[in-house]
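Listed below, chain by chain, are the residues.
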Amino acid sequence: MTVVSNVVCPVCGCCCDDIELVIENNKIIEARNACAMSAAKFENYSLHRNMDAYIRKNGELTKASLDEAIRKSAEILAESSYPILYGWSSTSCEAIKVGLELAEEIGGVIDNTSTVCHGPSILAAQDVGLVGTTLGQIRHRADLIIYWGSNPWSAHPRHMERYAALSDGRFQRNMWRRITARIRADSVRKKITRIISIFFKRGKETPPREAKESFEMLPSGERKLIVVDVRRTRSAELADYFVQVKPGGDYDVLQALRALIRDEELDVDEVAGVPVETLEEIADVMINCNLGVIFFGLGLTMSKGKLRNVEVAIKLTQDLNERTKFLIMPMRGHFNVTGANTVFTWQTGYPYAVDFSHGYPRYNPGETSAIDVLRRGDADAALVIASDPISNFPREAARNLADIPLIVIDPHLSLTALVADVVIPSAFVGIEAEGTVYRMDHVPLPLKRVVDPPRGILSDEEILKRILEEVRRLKKS
Amino acid sequence: MEILILTGRTINQGCGKEIGKASKEYVESVAVCEMNEKDMENLRIRDGDRVKVTTEFGSVILTAKKSRRIRSPGTAFIPYGPWANYIMGSSTDGTGMPLLKGVPAHVEPTEEKVSTIRDLIDSITV
Ligand code: SF4
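Right, let's talk about unusual backbone geometry for a bit. The phi dihedral of Trp88(A) falls on the positive side, at around 75°, and the residue is not glycine. Residue classification places Trp88(A) among the buried positions, given a relative accessible area of 0%. Although it is not a glycine, Asp93(B) sits at a positive phi angle of roughly 50°. Among the secondary structure elements, Asp93(B) is positioned in the loop between α4 (82-85) and β6 (103-110).

Each side of the interface is counted separately: chain A has 62 residues, and chain B has 50 residues. Of the roughly 4700 Å² buried at the junction of chain A and chain B (both faces included), carbon and sulfur atoms supply 59%. The largest share of the area that chain A buries against chain B comes from Arg231(A), Met302(A) and Arg395(A), three residues that together contribute 17% of it. Summed over the shared surface of chain A and chain B, the number is three salt bridges. Notably, a salt bridge pairs Asp93(B) with Lys306(A), separated by 3.9 Å at the nearest N-O pair.

Right, let's talk about the pairing of strand β18 (residues 406-409) of chain A for a bit. Residues and elements named next belong to chain A. The alternating pattern of β18 places Leu406 and Val408 and Ile407 and Ile409 on opposite faces, both of which are buried. Of the pairings in the sheet, the one linking strand β17 (residues 381-385) to β18 comprises four bridges and is parallel in character. Bridge pairing links Ile385 to Ile409 in β18. Pairing between β18 and strand β19 (residues 422-424): three bridges, direction parallel.

Moving on to the sheet that holds strand β10 (residues 241-244) of chain A. All names here are of chain A. Across the sheet, which stays open at both edges, the five strands sit in the order β10-β9-β8-β13-β14 with parallel pairing between neighbours. Only two strands of the sheet have a single neighbouring strand rather than two, namely β10 and β14 (325-330). Mean inter-strand twist for the sheet, computed between neighbouring axes without regard to direction, equals 15°. As paired elements, strand β9 (residues 224-229) and β10 share four bridges and run parallel to each other. Across the sheet, Val228 pairs through a bridge with Val243, a residue of β10.

Each value, and the rule that gives it
- Residues numbered from 1 in each chain as written.
- Chains lettered and ligands numbered in written order.
- Predicted model: local features only at pLDDT ≥ 70, side-chain atom pairs only at ≥ 80, totals over all residues.
- Heavy atoms only, no water.
- Buried < 20%, exposed > 50% of the residue type's maximum accessible area, 1.4 Å probe, protein only.
- Helix = DSSP H or I, 4+ residues; strand = E, 2+ residues; numbered from the N terminus.
- Contact = heavy atoms within 4.5 Å.
- Buried area = accessible area lost by both parts, 1.4 Å probe.
- Salt bridge = Lys/Arg side-chain N within 4 Å of Asp/Glu carboxyl O.
- Pairing = 2+ DSSP bridges.
- Axes fitted to C-alpha atoms, helices over the stretch in contact; angles between N-to-C directions.

Quick look at the structure:
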């Protein structure tokens, strides 16, 4: 039995680098320090994995050798005139680099999953900039933490504990004590309401904790946590203050806050379901903190307004810097989506949705982005790596993707693999293959190879290199 | 009944996805429609009954789940996954990003079985 420590977790954008793995006979038997999602991956990754290469023959996926599958993939790509290469956020920077070379070689479109998550955030940052930082600064110094349209409890389970409200920094303490006290008080309150409701036979629901009361009771100088969302998420339950916005109303609320911060008066009673009084209090808390941060999620990028929501959130942050120090950061989902943007940018000049069909890189999200290329039915072949667009794309885009010759490189038999024409199994990067990833704050971290991949299973990087080699050979002949 | 569909991540969906999308855990955590209690009363359905959710782009059958997280009637929540995506449109309004949160839909009770992964795949391949 060996214990490997300081393992970087290859699941979400937090890239926690303190995981300890207990390994016996080339098998992970325990993952320590891991959250539920991380443990689910480390301890179960091999359960539903695919070990065989497949090629579709007469409508059926039939087993093939790896060499055949690689040759077939190269043929499909070399013959196509406008292929799309999609995925990339769950593989290593080294593999992404080879992917970009391949896209240039075949004159295709290459796009990563940020196109359907934080693509709008990137567009917004390109328009108005971004007041960024690394997570260490936030852990040590931030005394006001706001999650806006993001639900770390479910999507980035250790984010609060390692980098934000529940972490202990050099100048800031965690807020556990306050949270446990509140949970205890809440459960007592629930019991009392239940007893009352039994006696009076009314009111099933516990009235939600009044935001106002909790704000006034907050000790000054201590870390505070605000959650803004359209639904009362689990993260919202931990917050000192939960602000529920009507769906599609984030833009209005953010603009209202900008006005209040500039001491302008609002002559309405509420904005998108939030009373102006509440907004005034939030504006006060924002101005009076020493260092605040907004972590925003897909609640802003996926709902009405998209990039404009993010743009106004960034502008709010910029305005706040006239009064105090304020930062903003997107909550990136996949463990290397930031790396995908970074490698794309240093190789082509653009972070995603790059089109090589003219022989040079072109970037125009809305035209060269995966969903648009597929919706128009332009692509005539596709390679999907470390992603499952058949489950993640809207129906029309998924249907058009299933219609064209499709190559899938993935350790799982994903839905996309089930409709593919060539399936190539790969090693799990961060478990069976090493590589580099970028954490959500652009800090690069090394992924470890802690166990050997099964015989004959190559890493994404090796598979792509072999496809590229074969494509070059075919083009020469 | 007309309703606004929100989508998002849940911890069960996150874990199910890591175990594998063929797993029972994944299907049980994703093929659900979390609703407000009042809306469920109006539709005369109970926790675990099936609902058919239809948008202009298609329909899916999901298991209805009462959720106290959906505080205002008129909204429902479906975790990220093929069930949610197959009723979303793919127009991006020139941004590259389709609208995936806050989509209007019609919800009705149904006796049909919850759509399987097979049903979803057939709906795009056949
Ligand atoms: S929070 Fe994210 S990176 Fe950290 S252990 Fe959990 S899944 Fe892994």
